[in-house]
Amino acid sequence: MDFDLKPEERKRLFDITFDKIDKFYSQTKELKITPNLDITQIRAFINQADLEEGIDYEEAIGLITEGLETYSVHTPHPKYFGLFNPRSNFAGIIADVITASYNPQLAAWSHAPFAVEVEAKLIQAFCEKFGYSKLSSDGVFTAGGAEANLTAILTALNHKYPAFAEDGIFSIHKKPIILCSEEAHHSVQKSVKIVGLGYRSVKTIQTLSNLKMNIVALEESINECLTNGESPLMVVATAGTTGTGTIDDLEAVNEICKKYNIWLHVDAAWGGAAILSNNLKRYLKGIEHSDSITFDAHKWMSVPMGTSMFLTNHKEILDKTFRITTEYMPKEAKELDIVDPFSHSIQWSRRFIGLKVYLSLLFYGWKGYETTIEHQARIGNMLKQKLIENNWNVKNDTPFPIVCFADDRFKVEDRFIKTILNSILAKGKSWLSVYPINGQPTFRVCITNYNTTELEIDELVNELNLERANILSKLVGQK
Ligand SMILES: *Cc1c(COP(=O)(O)O)cnc(C)c1O
């Protein structure tokens, strides 16, 4: 079997693939965003191809691209106002092709010194952007924010309990507690389940009416832990919550953490990108005092999934948490001032995750990112204004581009939101979601695409207005 294929065949298939991809890429806006969800049809579509002998190469590529086009939510669409899934920038796409082709192994430095050094340089650059000092900081690329948050809990445990690496949870005498707001991401809960502390080791702190963590309640909860003989291990502050884009008061949370000697982790998976903008970075003030940070490049930096970072201001802690002495791994790293990524990471064999960020920076520069991040924030503000002008009631307050809104005339009528949502999703011209705020369902619209402009915002507001007018006229008809 010729797995390489002949050179002419490779060229032909790459061209065919490129044409398909480029058609999707340049005409994304023409597509219906929402997929057909008929599971019988989807399985039949997949089962038409025989895996025993394989099928014609060109047909195979056509099958996959058709499958993805018909049966996916088109997150790269400029009217996908969704869950932080951006359009992949083109540098990121090229980077993934290059990574797959060279397939560098980033477990050991000596196997891929270029790739490992590129990632190290990026980690250092991001640490410095977030205000960590060059000498004390470290970090690692992860597959996602969930892996970064898990890494944070592991490092906090290893920091606090010197015997944790050897004896795990048996080295702990008082129950460790992780505190986060009720708006924090659920990967925090998942992480404590993985670590073995169990779900109940997370205490959620109420939010104020502005949706930020209630600092008074945080301190009360810490004192309650201490009274109960528990041990507050870590506070997770969120800089840009998933639901409403709210930024916890990082300075205030930090003060409490320092007072009680608790690890401060800032989950800035999405909102962290604001650090790249001179106008927006002030909203992250205080992040520089944290012990660790989660940052996803596959969100606001628009690189393909899964590209995330765990950053820490404790230089030795990743090593302490993950180092395993192995006989069979290449030894060069020991002699030189270098780090083998496998000794700093949950993953072992690891792909060149960082190349997507590196090539994007080589193409667009930090300047290009600043422009696009500020553009998206501006579009978010514009949307907020237009919604207010059109008698929608905005329910969240954030400088980041997420707007949550409802129409208070229908406050008690929860079918109002659902009817409009279902109708918009069925038409497939826009994608938005629903998020509850203080018990009230609201529409949640996030500008997550660098190609979204005022035009798309106007189209969305028109769609919403029309749907609302339809419901109003039906109500009048009934009376
Ligand atoms: C998206 C998100 C996560 C999870 O990150 P993944 O990359 O999806 O694993 C964690 N925290 C916050 C605040 C997020 O927005």
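See above for the structure.
This write-up is about the structure you can find in this document. All values derive from a computational prediction rather than experimental measurement.

Okay, the overall build of the protein next. Counting its secondary structure elements, the protein contains 15 helices and eleven strands. The C-alpha radius of gyration computed for the protein amounts to 24 Å, which stays within 12% of the reference 23 Å derived for 479 residues, consistent with globular compactness. When the backbone C-alpha atoms are referred to their principal axes, the protein occupies close to 75 × 70 × 45 Å. Across the 479 residues that make up the protein, the buried fraction comes to 53%. Taking contacts inside the protein between residues at least 6 apart in sequence as the whole, the part at least 24 apart equals 74%. Counting every atom, the protein has about 23,200 Å² of accessible surface; 55% of that belongs to carbon and sulfur. With 51 positive and 60 negative side-chain charges, the protein shows a spacing of 5 Å between the two charge centroids.

The omega torsion across Met305 and Gly306 is -15 degrees, close enough to zero to call that bond cis. Despite not being glycine, Leu211 shows a phi value in the positive range, around 75 degrees. Considering the arrangement of structural elements, one finds Leu211 in the loop between strand E3 (202-205) and helix H9 (215-227). With a relative accessible area of 2%, Leu211 lands in the buried category. Despite not being glycine, Asn391 has its phi angle at roughly 65 degrees, a positive value. Checked against the element boundaries, Asn391 lands in the loop between helix H13 (355-389) and strand E8 (393-394). The exposed category is assigned to Asn391, whose relative accessible area is 54%.

This paragraph deals with the packing of aromatic side chains. Enumeration over the complete set of coordinates arrives at 18 aromatic pairs. Taking 5.6 Å as the distance between ring centres and 65 degrees as the angle between the ring planes, the aromatic pair formed by Phe45 and Tyr71 counts as edge-to-face. Taken as a pair, Phe45 in helix H2 (residues 39-47) and Tyr71 in the loop between helix H3 (57-70) and helix H4 (90-102) lie far apart in primary sequence, 26 residues in all. Judged by its relative accessible area of 14%, Phe45 is buried. Between Tyr364 and Tyr369, the ring centres sit 6.5 Å apart and the planes meet at 90 degrees, which makes this aromatic pair edge-to-face. The partly exposed category is assigned to Tyr364, whose relative accessible area is 34%. With a relative accessible area of 2%, Tyr369 lands in the buried category. Chaining the aromatic ring pairs together yields one cluster made of Trp392, Phe405, Phe410, Phe416 and Phe443.

We now examine H13. The end-to-end C-alpha distance of H13 is 43 Å, clearly below the 51 Å that 35 residues give at a rise of 1.5 Å each. Once H13 finishes, Asn391 follows within two positions and takes phi at roughly 65 degrees, a positive value.

Moving on: the site of the ligand. Of all residues adjacent to the ligand, which total 14 residues, the nearest are Gly145, Asp267, Asp296, His298 and Lys299. The separation between a nitrogen atom of the ligand and a polar side-chain atom of Asp267 is 2.6 Å. Note that an oxygen atom of the ligand is positioned 3.0 Å from one of the side-chain N or O atoms of Lys299. Within the complex, the protein chains bury 84% of what would otherwise be the 380 Å² of accessible surface of the ligand.

Before going further, it helps to examine the sheet that holds E8. The strand order E8-E9-E11-E10 describes an open sheet built from four strands, whose pairing is antiparallel. Each edge of the open sheet is held by one strand with a lone partner, namely E8 and strand E10 (433-437). Pairing of strand E9 (residues 402-406) with strand E11 (residues 440-446) involves four bridges; the strand directions are antiparallel. Within E11, the residue paired with Val403 across the bridge is Val445. Across the sheet, H13 is in contact with E8, E9 and E11; its angle to E9 comes to roughly 15 degrees.

This part takes up the sheet that holds strand E6 (residues 292-296). Ordered in space as E1-E7-E6-E5-E4-E2-E3, the seven strands form an open sheet in which the pairing is mixed. Both edges of this open sheet fall to strand E1 (138-142) and E3, since each of them pairs with a single strand only. Each adjacent strand pair in this sheet contributes to an overall mean axis angle of 20 degrees, direction not counted. The sheet contact formed by E6 and strand E7 (residues 308-312) spans five bridges and is antiparallel. By the bridge assignment, Ser292 is partnered in E7 with Thr312. Against the sheet, helix H5 (residues 113-129) makes contact with E1, E6 and E7, and its axis sits at roughly 115 degrees relative to E1, the strand it touches most. H9 rests against strand E2 (176-181), E3 and strand E4 (231-238) of the sheet, and its axis sits at about 150 degrees to E3.

Reading the values: the criteria
Residues numbered from 1 in each chain as written. Predicted model: local features only at pLDDT ≥ 70, side-chain atom pairs only at ≥ 80, totals over all residues. Heavy atoms only, no water. Helix = DSSP H or I, 4+ residues; strand = E, 2+ residues; numbered from the N terminus. Rg over C-alpha atoms; globule rule 2.2 N^0.38 Å. Buried < 20%, exposed > 50% of the residue type's maximum accessible area, 1.4 Å probe, protein only. Contact = heavy atoms within 4.5 Å. Areas by Shrake-Rupley, 256 points an atom, 1.4 Å probe, with all protein chains shown as cover. Lys, Arg positive; Asp, Glu negative; His and termini not counted. Charge placed at Lys NZ, Arg CZ, Asp CG, Glu CD. Phe/Tyr/Trp six-rings, centres within 6.5 Å; stacked < 30°, edge-to-face > 60°. Expected span 1.5 Å × (residues − 1). Near = heavy atom within 4 Å. Polar contact = N/O pair within 3.5 Å; in protein donor to acceptor, adjacent residues only side chain to side chain. Pairing = 2+ DSSP bridges. Axes fitted to C-alpha atoms, helices over the stretch in contact; angles between N-to-C directions.

Don't take any of this as a statement about function, it's just geometry.
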